[in-house]
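Coordinate analysis (summary)
Take a look at the letters that make up each chain.
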Amino acid sequence: MNNQIQIIEWGTNCLVANGYAIDRPPQIVLSTPWSTMIRFSTLTGNFYLKQTPPAISKEPLIIQLLSEQFHASVPVVIASNDALHCFLMRDAGENLRGILKNEFKPELLCQAIKEYAALQRSTEDHLEKFFKLGVPDWRLAKLPLLYDQMIKQTDFLKADGVTEQELQKLQALRPQFLAQCELLSSYEIPATIGIPDFNDNNTLFVANTKRMIFIDWGEAAITHPWFSLYNCLEQSIKHHGVKKADQTYNKLQDTCLENWLGLATKNQLLEVLNLAKQLRIFYGILADYRLMVRVDLQALNTFYANNPNRLAKAFRKYINSWRG
């Protein structure tokens, strides 16, 4: 990514030009192969500068579209720099996961799910606007072709740990994958925008207004809305000890379905959720692969040194999903 001195200088100049008085040195609060986040403290509040690699630098455009045309709860972008692949945004609230780690309140997570789902539904008739920005088209009708293209990346996949036997198994599973996509399509749930890793860690809570703000739109895609919703359910198990089939999980699951009850019965929507659960694995693979080919792969592998071969593990999870 570009020199941090340059982006700090740009961020400082932008804030000063807009009348903000910076009261302490800028601080790097996040540094990963796919983004750097720098906090600027001013007398009137904090601002954050985010920089990403050029190939995933559409986030400010996506945020602005969501804000201006869909009145979505997203951060306020005050300036962007195409040459440096970065943008400035106002402090948007407190990390919801931190709040829930301190005291788990299912009603807050339900609120986040409900508001995120409403945001998704607001976009379903306006997908071309996102395609024009370069947001990937991962609708169900496109997934079989994307599946074929993915399993043909043999050298890349083997380098990540996928075996020849697994590649053959994935090829053999192609008809089942196609059938899954067609069955899920038959329920006619419209595609929407979605974040691969939608969860409480990419949600901010504004205490004084009780609003949820959704962040991290750089890897957004147009696809089945419940792929990202199911990810949120999985994260509630991993990070908050929610157990499947208990009262809290059922409430979270019902909240995922709520915004679509006008399209089908609850039982039908539960069937959709179960189908989405299995296909979501491939959605996650697409998201991981997209990131891997757009950032410094060596830096990414170093970052995930304690969790290598992420694609291989995901493909094995998909293969094993057919054995249960």
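Refer to the structure printed above.
Residues numbered from 1 in each chain as written. Predicted model: local features only at pLDDT ≥ 70, side-chain atom pairs only at ≥ 80, totals over all residues. Heavy atoms only, no water.

This brings us to unusual backbone geometry. Its identity as a non-glycine residue notwithstanding, His85 has a phi of 55 degrees, on the positive side. Not every positive phi belongs to a glycine, and Asp216 is a case in point at roughly 70 degrees. Relative to the helices and strands, Asp216 is located in the loop between strand 9 (211-214) and strand 10 (221-223). (Helix = DSSP H or I, 4+ residues; strand = E, 2+ residues; numbered from the N terminus.)

Another point: the layout of surface pockets. Of the voids in this model, the largest pocket is the one considered here, and its volume is about 1,700 Å³. Along the walls of the largest pocket sit 49 residues, with Asp197, Asn199, Asn201, Asn202 and Asp216 positioned nearest its centre. Looking at the lining of the largest pocket, the elements that each hand over two or more residues are strand 1 (27-32), strand 2 (35-42), strand 3 (45-51), strand 5 (86-90), helix 10 (225-240), helix 12 (266-292) and helix 14 (310-320). The dominant element in the lining of the largest pocket, judged by the number of residues it contributes, is helix 12, at eight residues. Taken together, the residues that form the lining of the largest pocket break down as 20 nonpolar, 14 polar and 15 charged. Reported here for the second largest pocket is a volume of approximately 260 Å³. Along the walls of the second largest pocket sit 16 residues, with Asp160, Met292, Leu297, Asn301 and Asn309 positioned nearest its centre. (1 Å grid on protein atoms, 1.4 Å probe; cavity = no way out; pocket = protein on both sides within 12 Å on 5 of 7 lines; lining within 4 Å. Points joined across faces, edges and corners; volume = space filled by probe spheres on them. Nonpolar A, V, L, I, M, F, W, Y, C, P; charged D, E, K, R; others polar.)

Taken in spatial order, the five strands make up an open sheet running 1-2-3-5-4, and their pairing is antiparallel. Taken across any chain shown, the strands that pair with only one partner, and hence form the sheet edges, are strand 1 and strand 4 (77-81). Within the sheet, the average angular offset between the axes of one strand and its neighbour, ignoring direction, is 15 degrees. Here five bridges tie strand 1 to strand 2, and the two strands are oriented antiparallel to one another. The residue of strand 2 that forms the bridge with Ser31 is Thr36. (Pairing = 2+ DSSP bridges. Axes fitted to C-alpha atoms, helices over the stretch in contact; angles between N-to-C directions.)

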